[in-house]
Amino acid sequence: MGILKELQNRILIADGAMGTLLYSFGVDYCFEELNLLQPDRITKIHEAYIEAGAEVIQTNTYGANYLKLARYGLEDQVKDINAAAIKIAKKAANGKAYVLGTLGGIRSIKKSAATIEEIKRSFREQLYTFLLEGVDGLLLETFYDLDELKTVLQIARKETELPIIAQVSIHEVAVLQDGTPLADALKQLEDLGADVVGLNCRLGPHHITKALEEVPLPERAFLSAYPNASLPDYIDGRLIYESDAEYFGECAVNLRNQGVRLIGGCCGTTPRHIKAVREKIQGLAPITYKEVKVKQTEPTVTVLSKRNKPHLHEIVAKERSVIVELDTPKTLNTTSFLEGAKALKEAGIDALTMADNSLASPRICNMAMAAIVKNELGIRPLVHITCRDRNLIGLQSHLMGLDALGIDQVLAVTGDPTKIGDFPGATSVYDLSSFELISLIKQLNEGITFSGKPLQKKTSFSVAAAFNPNVRHLDKAIKRLEKKIKHGADYFISQPIFDEKKFLEVYEHTKHLSKPIYIGIMPIVSSQNAEFLHNEVPGIKLTDEIREKMARCGSDREKAKMEGIAIAKSLIDAAFDLFNGIYLITPFMRYDMTVKLVQYIHQKCANRVQERKITN
Ligand SMILES: Cc1cc2nc3c(=O)[nH]c(=O)nc-3n(C[C@H](O)[C@H](O)[C@H](O)COP(=O)(O)OP(=O)(O)OC[C@H]3O[C@@H](n4cnc5c(N)ncnc54)[C@H](O)[C@@H]3O)c2cc1C
Ligand code: MET
Ligand SMILES: [Zn+2]
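Annotation of the protein in UniProt includes, under Pathway (unreviewed entry), the sentence "One-carbon metabolism; tetrahydrofolate interconversion."

(A) Seen up close, the overall build of the protein. Counting its secondary structure elements, the protein contains 23 helices and 20 strands. Taking the principal axes of the C-alpha coordinates as reference, the protein spans close to 95 × 50 × 45 Å. The burial tally for the protein puts 53% of its 616 residues in the buried class. When contacts within the protein are restricted to residue pairs at least 6 apart in sequence, those whose partners lie at least 24 apart make up 79%. Across the protein, 77 positive and 77 negative side-chain charges occur, with their mean positions spaced 3 Å apart.

(B) Spotlight on the site of ligand 1. Taken together, 22 residues sit near ligand 1, with Asp356, Arg388, Thr414, Gly415 and Ser434 positioned nearest. Taking Asp356, its main chain carries an N or O atom lying 2.7 Å from an oxygen atom of ligand 1. At 3.4 Å, a backbone N or O of Ala477 approaches a nitrogen atom of ligand 1. In isolation ligand 1 exposes 920 Å². Once the protein is present, 74% of that is buried. By residue number, the principal contributor to the shell around ligand 1 is helix α18 (residues 474-486), which donates 4 residues. Of the residues assigned to the shell around ligand 1, the class counts are 8 nonpolar, 8 polar and 6 charged.

(C) Inspection of the sheet that holds strand β3 (residues 98-104) at higher detail. The parallel open sheet is built from 8 strands, whose spatial order is β1-β10-β7-β6-β5-β4-β3-β2. Edge positions in the sheet fall to β1 (12-13) and β2 (56-58), since each has one partner strand and no second. As defined by bridge partners, strand β7 (residues 222-226) adjoins strand β10 (residues 260-263) across 3 bridges and the pair is classed as parallel. By the bridge assignment for β10, Ser224 is matched with Leu262.

(D) View of helix α23 (residues 591-615). Compared with an ideal rise of 1.5 Å per residue, which puts 25 residues at 36 Å, α23 spans 36 Å between its outermost C-alpha atoms and is within 8% of the ideal. Those residues of α23 lying buried are Tyr591, Met593, Thr594, Val595, Leu597, Val598, Ile601 and Lys604. Those residues of α23 hidden inside the fold are in contact with β12 (321-325), α14 (335-347), α22 (557-576) and β20 (581-585).

(E) Highlighting the pattern of salt bridges. If you walk through the whole model with that rule in mind, you get 27 salt bridges. A salt bridge links Arg547 to Glu531; its shortest N-O distance comes to 3.1 Å. Taken together, the residues span a long stretch of sequence, with Arg547 in helix α21 (residues 544-552) and Glu531 in helix α20 (residues 527-536) at a distance of 16 residues. Using a relative accessible area of 26% as the deciding quantity, one classes Glu531 as partly exposed. Two residues, Arg590 and Asp592, come together in a salt bridge whose shortest N-O distance is 3.9 Å. Since its relative accessible area comes to 11%, Arg590 is described here as buried. On the accessibility criterion, Asp592 (29% relative accessible area) is partly exposed.

(F) Seen up close, a negative patch on the surface. A contiguous patch of negative charge, built from Asp233, Glu242, Asp244 and Glu250, is present on the exposed surface. One can find Glu242 in the loop between β9 (238-241) and α11 (245-257). On the accessibility criterion, Glu242 (58% relative accessible area) is exposed.

(G) Just the domain arrangement of the protein, in detail. As far as domains go, the protein holds domain 1 (3-281) and domain 2 (312-615). With 7 residues of domain 1 in contact, the opposing surface of domain 2 contributes 9 residues. For the pair domain 1 and domain 2, the two sides together bury roughly 590 Å², of which 55% comes from carbon and sulfur. Counting across the interface, domain 1 meets domain 2 through 1 salt bridge. For the salt bridge of Lys453 with Glu172, the shortest nitrogen-to-oxygen distance reads 3.1 Å. For the pair domain 1 and domain 2, the number of links is 1 residue pair in polar contact (both at pLDDT 80 or more). Within the side of domain 1 that touches domain 2, the residues separate by chemical class into 1 nonpolar, 3 polar and 3 charged.

Reading the values: rules and limits
- Residues numbered from 1 in each chain as written.
- Chains lettered and ligands numbered in written order.
- Predicted model: local features only at pLDDT ≥ 70, side-chain atom pairs only at ≥ 80, totals over all residues.
- Heavy atoms only, no water.
- UniProt positions renumbered as here; feature names shortened; annotations may be inferred.
- Helix = DSSP H or I, 4+ residues; strand = E, 2+ residues; numbered from the N terminus.
- Buried < 20%, exposed > 50% of the residue type's maximum accessible area, 1.4 Å probe, protein only.
- Contact = heavy atoms within 4.5 Å.
- Lys, Arg positive; Asp, Glu negative; His and termini not counted.
- Charge placed at Lys NZ, Arg CZ, Asp CG, Glu CD.
- Near = heavy atom within 4 Å.
- Polar contact = N/O pair within 3.5 Å; in protein donor to acceptor, adjacent residues only side chain to side chain.
- Areas by Shrake-Rupley, 256 points an atom, 1.4 Å probe, with all protein chains shown as cover.
- Nonpolar A, V, L, I, M, F, W, Y, C, P; charged D, E, K, R; others polar.
- Pairing = 2+ DSSP bridges.
- Expected span 1.5 Å × (residues − 1).
- Salt bridge = Lys/Arg side-chain N within 4 Å of Asp/Glu carboxyl O.
- Patch = residues over 30% accessible without salt bridge, like charges linked within 9 Å, V, L, I, M, F, W, Y side chains within 5 Å.
- Domains from an automatic or database assignment.
- Buried area = accessible area lost by both parts, 1.4 Å probe.

Now the structure itself:
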């Protein structure tokens, strides 16, 4: 008769999980490859679901697309794996159940997981196999990203008149990750031609039912729901679901009361769950009228963070500005650090920048020290944030914490690789690239979280990005700066430059940029330090003259210090008229050196003012 015709008059029961069932049997490789390697195993699962009461089953093809199979080196077998899955499901159904060809969503929370073009290509390949082999309908399931689902639905709708079931997945009751209310999303899918719209996975029956309370009965389409068995627990490295099938069956009645006509199960469900659904649903007619619960939306008050001072990017765009890096201690002794911070404040810096575990070695958390210098010493902190040490959850929480502390100057960087640090084997997170981190911060400035939820307040971050001019191809580095600007960078802070001639070259390459630069200068402390920088730090080359000057100081620490300061002063002279912003890096807690350089810059500014007065 056809699925849609049946749904006009009755509720259809679908099957439950395939992946988590296989996983619970100990399979932890590519589930879809089993269509080729162990077809009998898949057949038995289908049969068990049909035996339990499923009238609609789905092919074992959830991740059988080019992009996901590529993780297992199986990208060339898309057609074979899908074709085999359809044959297995049809044979198992044997006319007793409808067979849906399943296509799973690719993106999760990160849009960057795959481009729309890649998704389209990958989807089409899988779709054509379904259409060639023949199925009773298509199940587009577990789509977190509404744009992705809409894109693939449009492709499918154009290619076939088969019934299409389009299902989103949600993290939070009745709202998609981009903030779209579930009811709106399902309406959009219906308008794009989906025959059945609904949701599956991620949440258990309780939350899925709650979400559906806000969804009206569609005008033309039908509603579907495939909840997980429960919320997942993580035990001994495995995701475990509560498996009270009886409860799941009872919940199916609630789904029916919300107007759902196609009821199945997702992760953690088993043939026992489906049997329970059948027992509870049997004999119940679908509802034809429902009261929709109107969501009590809290008014979205979006206030701006309070700001007393202009941001650094606003200052440096107009006038001379000096920021100094003083890295937080590697031990719990904060005395020198705080003394240094105080001395630099007295010297008149605009901000104290604190790296985020630079060189991938742990130091006292820069957020903690930033709060201390801000609150106790009245210094404006600038906090570096790497993508290396925090996942997406950690990054957003960190930024929200900085806002709560009133710290609004940040530098978004990728972070030095762990292999150069104290813990070479440590995990690097990199959920986000530096570009994406910049975008995330700018999104918080709009009062919206990464997943599109309102924050009820707009943060007010001024976002710096890193600029490494010590590269072989400066043009490529400049392209990265342009990209960082597109993502929202307000200004740049550069790695130190050790060659007077380099400033002009950097100036010429960057003068077209719309954002200002704090150019980096770091005093050298010894000949050993000079040789290390020259020979071991990629991209950094010191002139022979500088190396000779430092070598002449031998092991005389005081002499080397004076020479290091003198060299840094010459570098400041070379940079002075080209860049408003000077970023001084304090080497090895030697703030006595950076204090002298800050004073030098201020003196130079005062002299300039004096000279101008005289010439006028
Ligand atoms: C001012 C400043 C502050 C920093 N603070 C910290 C800190 O607090 N903690 C820390 O761990 N690290 C810090 N770093 C180091 C920085 O994270 C690394 O140098 C990183 O590799 C580059 O940072 P990014 O954010 O500019 O990377 P991105 O521009 O995002 O570059 C990311 C990747 O691309 C590569 N890449 C960059 N430019 C080019 C190019 N021109 N051609 C080809 N490939 C390229 C990089 O090597 C890197 O692997 C800082 C660097 C700067 C300049
Ligand atoms: C990750 S959502 C579940 C996908 C598919 N329906 C399965 O059960 O394997
Ligand atoms: Zn699932």
